Structure formats: C-alpha cells, structure tokens
Amino acid sequence: HIWLIKEDDALEHIQAGTLQLHDTMVFSSVSIWEKGTGLGMYGGGLQEQVDGLHSMEVIEVDDHQIHNVWQILANQNVLTKEALDTNIDATIRAWNLMSADRG
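Residues numbered from 1 in each chain as written. Predicted model: local features only at pLDDT ≥ 70, side-chain atom pairs only at ≥ 80, totals over all residues. Heavy atoms only, no water.

Student: When you look at the overall build of the protein chain in this model, what are you seeing that I'm missing?
Tutor: Along the backbone of the protein chain there are four helices and zero strands. In the protein chain, the succession of α and β elements from N to C terminus is α-α-α-α. Residues classed as buried in the protein chain amount to 16% of the 103 residues present. Residue pairs at least 24 apart in sequence account for 31% of intrachain contacts in the protein chain once pairs closer than 6 positions are excluded. (Helix = DSSP H or I, 4+ residues; strand = E, 2+ residues; numbered from the N terminus. Buried < 20%, exposed > 50% of the residue type's maximum accessible area, 1.4 Å probe, protein only. Contact = heavy atoms within 4.5 Å.)

Student: I keep staring at the environment of His54 and nothing clicks. Help me out?
Tutor: With respect to the helices and strands, the residue His54 is situated in the loop between α2 (45–52) and α3 (63–73). For His54, a relative accessible area of 61% translates into the label exposed. A distance of 3.3 Å separates a polar side-chain atom of His54 from the backbone oxygen of Asp51. (Polar contact = N/O pair within 3.5 Å; in protein donor to acceptor, adjacent residues only side chain to side chain.)

Student: Explanation requested: the nonpolar core in the structure shown.
Tutor: One recurring pattern in soluble globular proteins is that nonpolar side chains are buried together. The biggest cluster of nonpolar side chains holds six residues, and these are Val69, Ile72, Leu73, Ala90, Ala94 and Met98. When contributions to this core are tallied by element, the ones reaching two or more residues are α3 and α4 (84–102). Excluding anything up to four places from it in sequence, Leu73 contacts Met25, Ala90, Thr91 and Ala94. (Core = buried A, V, L, I, M, F, W, Y, C linked by side-chain atoms within 4.5 Å.)

Student: When you look at the confidence of the model for the protein chain in this model, what are you seeing that I'm missing?
Tutor: Detailed reading of the predicted model is not advised wherever pLDDT is low. Here the protein chain shows a mean pLDDT of 80. Residues at 70 or above account for 89%. Looking over the protein chain, one finds the lowest element-wise mean pLDDT in α4, namely 81, and the highest in helix α1 (residues 7–16), namely 86. (pLDDT = per-residue confidence, 0-100.)

Student: What is the right way to read α3 from this model?
Tutor: For α3, every residue scored as buried is listed here: Gln65, Val69, Ile72 and Leu73. What you see down the axis of α3 is that its buried residues fit within an arc of 95°, all on one side. Exposed residues pointing more than 90 degrees away from the buried face of α3 are listed as Asp63 and His64. For α3, the side-chain oxygen to backbone nitrogen distance between the N-cap and His64 is 3.1 Å, and the N-cap itself is Asp62. (Arc of directions from axis to C-beta.)

Student: For this particular structure, what's the right way to read the environment of Met41?
Tutor: Topologically, Met41 is positioned in the loop between α1 and α2. You can call Met41 exposed: its relative accessible area is 69%. Separated by twelve residues in sequence, Met41 and Leu53 have C-alpha atoms that sit 9.4 Å apart.

Student: I would appreciate a short explanation of a negative patch on the surface in the present structure.
Tutor: A surface patch of like charges, here negative, comprises Glu7, Asp8, Asp9 and Glu12. Inspection of the secondary structure puts Asp8 in helix α1. (Patch = residues over 30% accessible without salt bridge, like charges linked within 9 Å, V, L, I, M, F, W, Y side chains within 5 Å. Areas by Shrake-Rupley, 256 points an atom, 1.4 Å probe, with all protein chains shown as cover. Salt bridge = Lys/Arg side-chain N within 4 Å of Asp/Glu carboxyl O. Lys, Arg positive; Asp, Glu negative; His and termini not counted. Charge placed at Lys NZ, Arg CZ, Asp CG, Glu CD.)

See below:
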C-alpha cells in the first residue's frame, strides 16, 4: 500500500521503530501549473498536461502492479551525478512494466 505521511511524522515513526527505513521512500518536488480560462484547450493546469499536451498519463493499477513498480523504484539511490543513469533506468523499467500490464 502507498501512504502519504508528513516528513516530521515519518521521522518520528522511524526513530520510534514503528516504521522501517526499507518500507519508506521520500519524494520531494515542486510542481506549479498555471490556470486560467484563456489557457489552452482545458484552462491550463494539470488537466491541460494530461488531456491537451499528453505529457502525463492517468492510469489505473491494482495492488500487484503497485508492488512490482515499488520494488523497482525502491532500488533507486540518493540522486547524485553517478546515480542518475541507474535511477533513470529504474524509472524506465517501472514505466515499461506498467505499459506492458495495460496491454
């Protein structure tokens, strides 16, 4: 299962031993989507990225697929110049797995 947890709560549970490091992945990013009725075909924003530009895709997955993708992505390393290629390869393998499962 995938759960969303605040950083402070995650640290507290890891330190308390109720959450294990090997069960935890941290994602950090900032995404900003412009919105407005005059922007694109869908008013900008995330909907524009998905439906207008086709730069993102919404997919439905089951628990088995989530587990398989998680296993691949869990092998990524902290991002460094040296780890970049390995992390990109893992991302591509996970994407291909989901594409193959959808048929």
